[in-house]
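Analysis of the macromolecular model
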Amino acid sequence: MRHPLFARRRALAATAALALPLLAQAADFPSKPIRFIVPYTAGGTTDLVARTVGQRVAEKLGQPVVIDNRGGAGGNIGMDVVAKAPADGYTIGFGAISTNALNPHIYKSVPFDPRKDFTAIGLLGTSTIVLEVPASSPIKSVPELIAAAKKTPGLPYATAGAGTSMNLAGVLFAQMTGTQLTHVAYKGSGPAITDLLGGTVGVMFDNLPASLPHIQAGKLRALAVAGPTRSPSLPDVPTIAETGLKGYALEPWFGVYGPAHLPPAIVKTLNQAFAEALAEPAVRDKLLQAGFTPRASTAEELAALSQSEYQRLGEVARKAGMTAD
């Protein structure tokens, strides 16, 4: 009969042997191109940020960072690819408040568990949601919008899609104002803005980068922004809280994630490269001008944010009965 001590040594040796390839990969990382999956279509906020930051990350790591747009199902399709990729650092994803905190509570079926199937790498920053109307609209303030919504129950508002942070902004707005709003979900900001400009729909919650050019051109009127502070891109536009809805604040956040069990050494390498890229003045200026606020973090901070937001938004979604197909 083999002595238990020898059996234990043999098991430890086997475990060490299995770990050696991972350690070698981490030591050589990166030695080939990195695929950066953006779970939304090209041309949006996430795509702009991924390409701007990804280019600088590639220069710092000495390997190409290939942007791979995998849109669909509110970002679930693309992030599922990340969740099921090998934990070697060569497939990472552009996660968000929707994919990593809200979606599991509103979609009937989500192929991953954001609490278990990802490794947080680091924050990229936050985006501003703007509450807007056409420039020709008689509504010129948030109080006027609330009055119109109370006078006309079911007042429609547009967003870039069901289950998005913009949809959540509308739900919170209705909850806190005691109004009934009808959500009109589009497949992206582009077609929604087209209908807003054309008068098909009269109110919209949108990510600022997509709407900012139209606001600056005088075609859309920004009533307020949804975040806790004013946007540097629209310093004269108040927050929704400043207009009288105290306590209202929603600031979509975005971060980089890898598959579960990503080696700490690889996480550290990627986190440092993204943080350094975000700190560069040229990158910061370009993102700020587009309405995106760059903000780096440690991997631990993003992991903690993901967990806390998962709990918070789950309660909001259940209270509002939010669903998405």
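Structure: above.
Points about the layout of surface pockets
- A volume near 840 Å³ is recorded for the largest pocket.
- If you go around the largest pocket, you meet 38 residues; those closest to its centre are Tyr40, Ala160, Thr164, Gly188 and Ser189.
- The set of elements that each furnish at least two residues to the lining of the largest pocket consists of helix H2 (45-61), helix H4 (97-106), helix H6 (165-177), helix H7 (189-198) and helix H8 (208-216).
- Looking at the lining of the largest pocket residue by residue, the class counts come to 17 nonpolar, 19 polar and two charged.
- Looking at the second largest pocket, it is lined by 13 residues, and the ones nearest its centre are Tyr157, Asn167, Val171, Leu181 and Ala320.

Here we look at the packing of H4 against helix H11 (residues 299-320)
- The N-to-C vectors of H4 and H11 enclose an angle of 40°; their axes lie 8 Å apart at closest approach. Judged by the twist between their axes, the crossing of H4 over H11 is right-handed. When H4 is examined against H11, the residues Ile97, Asn100, Ala101, Leu102, Pro104, His105 and Ile106 are found in contact with a partner set consisting of Ser306, Glu309, Tyr310, Leu313, Gly314, Ala317 and Arg318.
- Among the residues making up the contact of H4 with H11, the classes are represented as eight nonpolar, four polar and two charged.

Here's the deal with the environment of Lys151
- When you line up the elements, Lys151 lands in helix H5 (residues 142-151).
- By relative accessible area, which is 73% here, Lys151 ends up exposed.
- For the pair Lys151 and Thr179, spaced 28 residues apart in sequence, the C-alpha to C-alpha distance is 9.4 Å.

Details of the side chain of Thr239
- Checked against the element boundaries, Thr239 lands in the loop between strand E9 (220-225) and strand E10 (253-259).
- Here Thr239 falls in the buried class, since its relative accessible area comes to 3%.

Describing the pairing of strand E8 (residues 204-207)
- Alternating positions in E8 separate into two faces, Met204 and Asp206 on one and Phe205 and Asn207 on the other, with burial throughout.
- The pairing of strand E5 (residues 129-134) with E8 spans four bridges and is antiparallel. Within E8, the residue paired with Glu132 across the bridge is Met204.

A word on the pattern of salt bridges
- Within the structure shown, the criterion is met by eleven salt bridges.
- The salt bridge partner of Arg70 is Asp68, with a shortest N-O separation of 3.2 Å.
- Shared partners join several salt bridges into a network, and the residues in it are Arg56, Glu59, Lys60, Glu276 and Glu280.

Looking at H11
- Its 22 residues place the ends of H11 31 Å apart at the C-alpha level, agreeing with the 32 Å of an ideal helix rising 1.5 Å per residue.
- By the burial criterion, the buried members of H11 are Ala299, Leu302, Ser306, Glu309, Tyr310, Leu313, Gly314, Val316 and Ala317.
- Considering only its buried residues, H11 is in contact with H4, strand E4 (118-127), H6, E10 and helix H9 (264-279).

Describing the packing of aromatic side chains
- Overall, the coordinates contain ten aromatic pairs when judged by the stated rule.
- For the pair Phe94 and Phe254, a centre-to-centre distance of 5.7 Å together with 65° between the ring planes defines the contact as edge-to-face. Here Phe94, found in strand E3 (residues 91-96), pairs with Phe254, found in strand E10; they are 160 residues apart in sequence, far enough to count as distant. The two residues Phe94 and Phe254 agree in class, both being buried.
- Ring geometry for Phe254 versus Phe292: centroids 5.7 Å apart, planes at 45°, classification tilted. Residue Phe254 is located in strand E10, and its partner Phe292 is located in strand E11 (residues 292-294); the two are separated by 38 residues in the primary sequence.
- Classification of Phe254 as buried rests on a relative accessible area of 5%.
- Members of the aromatic cluster, joined through ring pairs, are Phe36, Phe94, Phe254, Phe274 and Phe292.

Remarks on the nonpolar core
- Core analysis: the largest hydrophobic core is formed by 48 residues, its most contacted members being Leu131, Leu145, Leu168, Phe173, Phe205, Ile240 and Tyr248.
- A total of six residues in this core trace back to one element, the largest contributor, which is H6.
- If we skip the residues at most four places from it in the chain, Ile240 touches Leu131, Phe173, Phe205, Ala224, Val225, Ala226, Leu245 and Tyr248.
- Core analysis: the second largest hydrophobic core is formed by 33 residues, Val65, Ile67, Phe94 and Val256 among them.

Quick word on the sheet that holds E4
- A sheet is described by the order of its strands in space; here six strands give the open sequence E2-E1-E3-E10-E4-E11, paired in mixed fashion. Bordering the open sheet on either side are strand E2 (65-69) and E11, each of which pairs with just one other strand. Across the sheet, the axes of successive neighbouring strands diverge by a mean angle of 30°, strand direction being ignored.
- Packed on one face of the sheet, H2 meets strand E1 (34-38), E2, E3, E4, E10 and E11 and runs near 160° to E2.
- Each of E3, E4 and E10 is contacted by H4, which is oriented at about 65° to E3, the strand it contacts most.

Quick notes on the rules
Residues numbered from 1 in each chain as written. Predicted model: local features only at pLDDT ≥ 70, side-chain atom pairs only at ≥ 80, totals over all residues. Heavy atoms only, no water. 1 Å grid on protein atoms, 1.4 Å probe; cavity = no way out; pocket = protein on both sides within 12 Å on 5 of 7 lines; lining within 4 Å. Points joined across faces, edges and corners; volume = space filled by probe spheres on them. Helix = DSSP H or I, 4+ residues; strand = E, 2+ residues; numbered from the N terminus. Nonpolar A, V, L, I, M, F, W, Y, C, P; charged D, E, K, R; others polar. Axes fitted to C-alpha atoms, helices over the stretch in contact; angles between N-to-C directions. Left-handed = near helix turned anticlockwise from the far one by under 90°. Contact = heavy atoms within 4.5 Å. Buried < 20%, exposed > 50% of the residue type's maximum accessible area, 1.4 Å probe, protein only. Pairing = 2+ DSSP bridges. Salt bridge = Lys/Arg side-chain N within 4 Å of Asp/Glu carboxyl O. Expected span 1.5 Å × (residues − 1). Phe/Tyr/Trp six-rings, centres within 6.5 Å; stacked < 30°, edge-to-face > 60°. Core = buried A, V, L, I, M, F, W, Y, C linked by side-chain atoms within 4.5 Å.

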